[in-house]
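The lines below spell out each chain.
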Amino acid sequence: MSLVRLLRRLLPLVFLLALGWFLWRKVAGTLTDLNPLRPEPRVTVTHNTVLEKIEGLGRLELVRYQFKDIVEYKKSTYRFLPDAKVALIVAGEAVGCLDLRQVKATDVVFEGDSVVRVALPKAELCTWRVDHSRSRVYGVENGFFQDAELIDQGYKYAEANVKRAALQSGILAQTEQNAQQILRPMLETLTGRRVVLVPQTAPPVRGPKG
């Protein structure tokens, strides 16, 4: 009888424990939201994306230059204080391309049955930028609570220098060379003719129609 009496005493306790576990599972999520010290912060993102412009692209990218530079940008702000200075390790890239939208019907001339002559626009530098994912601030001195502005100005200078460096490194000539190596075989495959690429500054001479 002692065992039966013990089970009768434990049965209500087991029932209460089961009920408590069930209720805890139901309200645990709510209690976590109310806990100011919850380990994972809640992130709420609200956005409204608006399409502003649709632009047709016809630029054929033919070469990409990548640069690495150490930039020291110094700025004199106050006469009696030392110059503000920021040192940046900058990674940048520039892309040379041809704008094929400038190719007109008159720029394509068929000569006989085996040759097609195409006048291409001048090579251009279509993009240049600083790759911030591969760049970093090495150090800031005497920023006088304007470190962010000084760093931003340093990066703007570095971006302009990427453009200068690309042009000085001959990216436009390399773009035209790559057009001969990449675009000409492609056009020969499409037309079944020998393709001659010339600059638009020297319009092709019309030959006999094939």
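In what follows, the structure referred to is the one given above.
What counts and how
Residues numbered from 1 in each chain as written. Predicted model: local features only at pLDDT ≥ 70, side-chain atom pairs only at ≥ 80, totals over all residues. Heavy atoms only, no water. Helix = DSSP H or I, 4+ residues; strand = E, 2+ residues; numbered from the N terminus. Buried < 20%, exposed > 50% of the residue type's maximum accessible area, 1.4 Å probe, protein only. Contact = heavy atoms within 4.5 Å. Areas by Shrake-Rupley, 256 points an atom, 1.4 Å probe, with all protein chains shown as cover. Pairing = 2+ DSSP bridges. Axes fitted to C-alpha atoms, helices over the stretch in contact; angles between N-to-C directions. Salt bridge = Lys/Arg side-chain N within 4 Å of Asp/Glu carboxyl O. Core = buried A, V, L, I, M, F, W, Y, C linked by side-chain atoms within 4.5 Å.

(A) Layout of the overall build of the chain. Along its length, the chain carries three helices and seven strands. Counting from the amino terminus, helix and strand elements in the chain follow one another as α-β-β-β-β-β-β-α-α-β. A buried classification covers 26% of the 210 residues belonging to the chain. Of the contacts formed within the chain by residues at least 6 apart in sequence, a portion of 76% connects residues at least 24 apart. Accessible area for the chain stands at about 15700 Å²; split by element, carbon and sulfur atoms hold 58% of it.

(B) Focus on the sheet that holds strand β3 (residues 108-111). Pairing within the open sheet is mixed, and its three strands lie in the order β3-β4-β7. Edge positions in the sheet fall to β3 and β7 (194-199), since each of these pairs with one other strand and no more. Each neighbouring strand pair of the sheet contributes to a mean axis angle of 20°, computed without reference to strand direction. In terms of strand pairing, strand β4 (residues 115-120) meets β7 through six bridges, oriented parallel. If you follow Leu120 over to β7, its bridge partner there is Pro199. Its contacts with the sheet place helix α3 (residues 171-191) against β4 and β7, and it is angled at close to 140° to β7.

(C) Geometry of the pattern of salt bridges. In total, this model carries ten salt bridges according to the counting rule given. Between Arg64 and Glu61 there is a salt bridge, with its nearest N and O atoms 3.6 Å apart. Look at Glu61 and you get partly exposed, because its relative accessible area is 46%. Arg134 is paired through a salt bridge with Asp131; the nearest N and O atoms lie 2.9 Å apart. Of the residues examined, Arg134 reaches a relative accessible area of 38% and is grouped as partly exposed.

(D) Summary view of the nonpolar core. Of all hydrophobic cores here, the largest spans ten residues; its members are Leu62, Leu98, Val116, Val118, Leu120, Ala123, Ala179, Leu183, Val195 and Leu197. Only β4, α3 and β7 provide two or more residues apiece to this core. If you tally residues by element for this core, the top one is β4, at three residues. The contacts of Ala179, once residues within four sequence positions are left out, are Leu62, Leu98, Leu120, Arg184 and Leu197.

Remember, this is a structural readout, not a statement about activity or role.
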